[in-house]
Amino acid sequence: MALLAPSILSADFANLQRDIKEAVSAGADIIHIDVMDGRFVPNLTIGPCVVESIRKVTDVPFDVHLMIVEPDRYIKDFVSAGADWISVHVEAAVHLHRTVSMIKEFDKKAGVVLNPATPVFFIEDILPFVDFVLIMSVNPGFGGQKFIPQTISKVKKLNAIREKMKLDFLIEIDGGIKIENVKQVIDAGVDVVVAGSAVFKGDIKENVENFKGLIGG
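Residues numbered from 1 in each chain as written. Predicted model: local features only at pLDDT ≥ 70, side-chain atom pairs only at ≥ 80, totals over all residues. Heavy atoms only, no water.

We count it as follows: UniProt positions are given in the numbering used here, feature names are shortened, and annotations may be inferred rather than shown by experiment.
The protein chain carries the name Ribulose-phosphate 3-epimerase in an unreviewed UniProt entry, which gives Desulfurobacterium atlanticum as its organism. Its UniProt record gives the protein chain the following Pathway (unreviewed entry) comment, quoted word for word: "Carbohydrate degradation."

Structure below.
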């Protein structure tokens, strides 16, 4: 059984409360929140104030994905705003162990993120310290992109390392996940599925229920 984490990047920002409530009511396990700074990725999204405002809407975990440079500067702000899971990109964190340790000192789940072109071996030394690894299956920065099929082999490699090292971190995937390919990523070893447009475009309740029927729960 895997967890479903709808990404509000594809929600109606004029009706975030409505869309989040509908997704959670239908069975969403986690709410995924993409934070972009216009520097690490070519887009700007939201900051801690938005996270704080939607924290009142639901008590399911908030999974805050920091697509930003100098993530250490903002971790405390997102913790204060209501983040439960915080992930940082290995490509953006200069002192990754220090950053991961900072997140865990706040008693939050700490994750590292890999872009499509970044190999899994880059993070082997940090794996004993993290709660989850987020594999990007599109290039970060925009929603609604097409899934990169080669990501499947990366998930399999990470899953094999997890088994070999006898670790229990979760494997999360984000980017281009649809009903048509979600079973494929689950079979490769994914534990947490992030889906944006496939959840929030159209009938949210029906979309969530369709995903949950395939991934379990």
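### Regarding helix α5 (residues 151-165)
Defined as follows: Helix and strand definitions follow DSSP, with helices as H or I runs of at least four residues and strands as E runs of at least two, each counted in order from the N terminus. Between the first and last residue of a helix there are one fewer steps than residues, each counted as 1.5 Å, and that sum is the expected span. Accessible area is worked out with a 1.4 Å probe on protein chains only. A residue is then buried under 20% of its type maximum, exposed over 50%, and partly exposed in between.
For α5, spanning 15 residues, the distance from its first C-alpha to its last is 21 Å, which sits close to the expected 21 Å at 1.5 Å a residue. Taken residue by residue, α5 has T151, I152, K154, V155, L158, N159, I161 and R162 as its buried positions. Positive phi appears at K166, one or two residues downstream of α5, with a value of about 55°.

### Observations regarding the UniProt feature "active site" (unreviewed entry) in the protein chain
This is how the line gets drawn: Any two residues whose heavy atoms approach within 4.5 Å are treated as being in contact. Each polar contact in these results corresponds to two N or O atoms within 3.5 Å; when the atoms are within protein, one needs to be able to donate a hydrogen and the other to accept it, and residues that are neighboring in sequence are counted only if both atoms are side-chain atoms.
Per the UniProt entry, the sites bearing "active site" (unreviewed entry) are D34 and D174 in this numbering. The greatest C-alpha distance among the residues just named is 10.4 Å, despite their covering 141 residues of sequence, which places them together in space. If you trace the backbone, D34 turns up in strand β2 (residues 31-36). Classification of D34 as buried rests on a relative accessible area of 5%. Excluding residues within four positions of it along the chain, D34 makes contact with S7, L9, T45, I46, H65, M67 and D174. Reaching out from D34, the side chain makes a polar contact with the side chain of S7 at a distance of 2.9 Å.

### Quick word on helix α8 (residues 204-215)
The cut-off we apply is this: What the arc measures is the spread of directions leading from the helix axis to the C-beta atoms.
Along its 12 residues, α8 runs 16 Å from first to last C-alpha, staying within 8% of the 16 Å computed at 1.5 Å per residue. For α8, the complete set of buried residues consists of I204, N207, V208, F211, K212 and I215. Each buried residue of α8 lies within a common arc of 130° when the element is viewed along its axis, so the set occupies one face. Buried residues along α8 sit in contact with β1 (3-6), α1 (16-26), α6 (182-188), β8 (192-195) and α7 (197-200). For α8, the N-terminal capping position is held by D203, with its side-chain oxygen 3.2 Å away from the main-chain nitrogen of K205. Looking one or two residues past α8, G216 carries a phi angle of roughly 100°, positive in sign.

### Some remarks on the UniProt feature "binding site: a divalent metal cation" (unreviewed entry) in the protein chain
Following the UniProt record, one finds the feature "binding site: a divalent metal cation" (unreviewed entry) at H32, D34, H65 and D174. Judged by maximum C-alpha separation, these annotated positions cover 143 residues in sequence but sit close together in space, the widest gap being only 10.4 Å. Within the secondary structure, H32 is located in strand β2. Not counting residues within four places of it along the chain, the set of residues in contact with H32 comprises A5, P6, S7, I8, D63, H65, L134, E172, D174 and V194. Relative to the elements of secondary structure, D174 occurs in strand β7 (residues 170-174). Apart from residues no more than four positions distant in its own chain, D174 is found in contact with H32, D34, H65, L134, I135, M136, S137, V138 and V194.

### Looking at the pairing of β8
To be explicit about the condition: Here, a strand pair is defined by DSSP locating no fewer than two bridges between the strands. Throughout, right-handed denotes a crossover for which the path from the first strand over the helix to the second runs clockwise when the strands point away from the viewer.
Alternating residues of β8 divide into V192 and V194 and V193 and A195, and every residue in both groups is buried. Examined bridge by bridge, β1 and β8 share four bridges and lie parallel to one another. Bridge assignment links L4 to a residue of β8, and that residue is V193. Pairing geometry for β7 and β8, over three bridges, is parallel. Residue E172 lies in a different strand from β8, and its bridge partner there is V192. Between the parallel elements β7 and β8, the chain passes through α6 in a crossover that is right-handed.

### Notes on the pattern of salt bridges
Put simply, the rule reads: Salt bridge, as applied in this entry: a Lys or Arg side-chain nitrogen positioned within 4 Å of an Asp or Glu carboxyl oxygen.
According to the stated counting rule, one finds 10 salt bridges in the structure shown. Between E70 and R39 there is a salt bridge, with the nearest N and O atoms lying 4.0 Å from each other. Of this pair, E70 sits in the loop between β3 (62-67) and α3 (75-81) while R39 sits in the loop between β2 and α2 (48-54), and the two are 31 residues apart along the sequence. Where K205 meets E209, a salt bridge forms, and the shortest distance between an N and an O atom there is 2.7 Å. Taken as a pair, K205 and E209 lie in helix α8 at a separation of four residues, close to a single helical turn.

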